[in-house]
2 protein chains.
Amino acid sequence: MHIVIIVSVDPRSDRAVYRQVADILRGLIADGTIVPGALLPSEKQLADTYGVGRDAVRQAIGLLRAEGLARTIRGEGTQVRQPVERRPVPLLPRTHAIARMPTEHERAELDLDEGVPVIAIRTSKGHEDIHPADTVYLVAKD
Amino acid sequence: MHIVIIVSVDPRSDRAVYRQVADILRGLIADGTIVPGALLPSEKQLADTYGVGRDAVRQAIGLLRAEGLARTIRGEGTQVRQPVERRPVPLLPRTHAIARMPTEHERAELDLDEGVPVIAIRTSKGHEDIHPADTVYLVAKD
DNA sequence: CCGGATTTGTACGTATGTATT
DNA sequence: GAATACATACGTACAAATCCG
């Protein structure tokens, strides 16, 4: 099985231009052409390269952020997110865990990147612990 | 503790206009003014009501979608998402569970709304089960 | 430290396409 | 078919953060 990397944008395609740009960037990331931690080309550069508006580029990058693949720092650029080391979190008997997107408040509080869910663990007592989903994994524990 | 509902947008505020619009809409939802399943006013209506561009309204609604609060249907409108009934999913010993945003493929495959993470459960055998995070909760099981 | 260049964020406008009512 | 509503795509302009000489 080999991977086909798309390298150009077709404005007449059924697929929206910004999705095509996102496809290209995902390819460059999956490819290893752009390694974790490295910056993508600037929005202007991408727009010029692929012959699209800056708007389309921003929407494309927005998709990557929502998927948890990239994060953007104003004035600096967009970088491929580093996979973080996950630590185990025990799921005790009689406790429930759900995953959801954080509220705006939680995102600020926990300093979460876009596209990072939270895991809420609730005990039968009603106590709730919130964990950033990208730093933990759950294991059954008795 | 009482809730302060913002009702107007101040273009001179430090807070971006689209975030102010999002705040207002979140308030109307938390408030019960707009109940789950009901449609928000149209983008144009919101833009006129708050004296902002349609762009700002779309960004605001985009925030709500990313938070899992709303979903938009083209040609119809944006509705407040219904909290769905969750079913328990056992987390067996020697299995790990992580939460993350779905890939584009998974989102299409599972027909997920924006702002809905997935829970991936991996056994020691290497088998992986994917669940929409909004329909399940995890419980420890021996 | 300062100032300019670069880069992303916000905001608005216009136009056209597509889906639903 | 018409009206309504969201999606896409381009453009402009200015603000704000960062980088760099």
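Residues numbered from 1 in each chain as written. Chains lettered and ligands numbered in written order. Predicted model: local features only at pLDDT ≥ 70, side-chain atom pairs only at ≥ 80, totals over all residues. Heavy atoms only, no water.

> Can you explain the interface of chain A and chain B? Please cite residues and give values.
Between chain A and chain B, the residue contacts involve 29 residues of the former and 29 residues of the latter. Both faces considered, chain A and chain B share a buried interface measuring about 2000 Å² in area, 59% of it formed by carbon and sulfur atoms. Counting across the interface, chain A meets chain B through four salt bridges. In this structure, A:Arg19 engages B:Glu104 in a salt bridge whose closest nitrogen and oxygen atoms are separated by 3.7 Å. (Contact = heavy atoms within 4.5 Å. Buried area = accessible area lost by both parts, 1.4 Å probe. Salt bridge = Lys/Arg side-chain N within 4 Å of Asp/Glu carboxyl O.)

> Summarise the protein's contact with DNA strand D; cite the residues concerned and give the values.
Near DNA strand D, the surroundings consist of 23 residues, among which A:Val17, A:Tyr18, A:Gly53, A:Arg74 and B:Arg58 are the closest. Protein-proximal atoms of DNA strand D, defined as those within 4 Å of the protein, fall in sugar or phosphate at a share of 75%. A distance of 2.6 Å separates a phosphate oxygen of DNA strand D from a polar side-chain atom of B:Arg58. Every element with two or more residues in the surface near DNA strand D is listed here: helix H1 (17-31) and helix H3 (54-66) of chain A together with helix H3 (54-66), strand E1 (70-73) and strand E2 (77-80) of chain B. The residue inventory of the surface near DNA strand D, partitioned by class, reads six nonpolar, seven polar and 10 charged. (Near = heavy atom within 4 Å. Polar contact = N/O pair within 3.5 Å; in protein donor to acceptor, adjacent residues only side chain to side chain. Helix = DSSP H or I, 4+ residues; strand = E, 2+ residues; numbered from the N terminus. Nonpolar A, V, L, I, M, F, W, Y, C, P; charged D, E, K, R; others polar.)

> Mind laying out the protein's contact with DNA strand C, listing which residues take part and the relevant values?
Lining the immediate surroundings of DNA strand C are 22 residues, of which A:Arg54, A:Arg58, B:Val17, B:Tyr18 and B:Gly53 lie closest. The protein-proximal atoms of DNA strand C, defined as those within 4 Å of the protein, are 70% sugar or phosphate. Contacts to DNA strand C include B:Gly53, whose backbone N or O atom sits 2.8 Å from a phosphate oxygen. At 2.9 Å from a sugar or linking oxygen of DNA strand C is found a side-chain nitrogen or oxygen belonging to B:Arg74. At the level of elements, H3, strand E1 (70-73) and strand E2 (77-80) of chain A together with helix H1 (17-31) and H3 of chain B are the ones that each hand at least two residues to the surface near DNA strand C.

> Can you break down H3(A) residue by residue, with the values?
Residues and elements named next belong to chain A. Between its terminal C-alpha atoms H3 stretches 18 Å, which fits the 18 Å expected from 13 residues at 1.5 Å a residue. Of the positions making up H3, those classed as buried are Ala56, Val57, Ala60, Ile61, Leu63, Leu64 and Arg65. Those residues of H3 that are buried lie in contact with H1, helix H2 (43-50), E1 and E2. Of the residues trailing H3, Gly68 is marked for its positive phi of about 80°. (Expected span 1.5 Å × (residues − 1). Buried < 20%, exposed > 50% of the residue type's maximum accessible area, 1.4 Å probe, protein only.)

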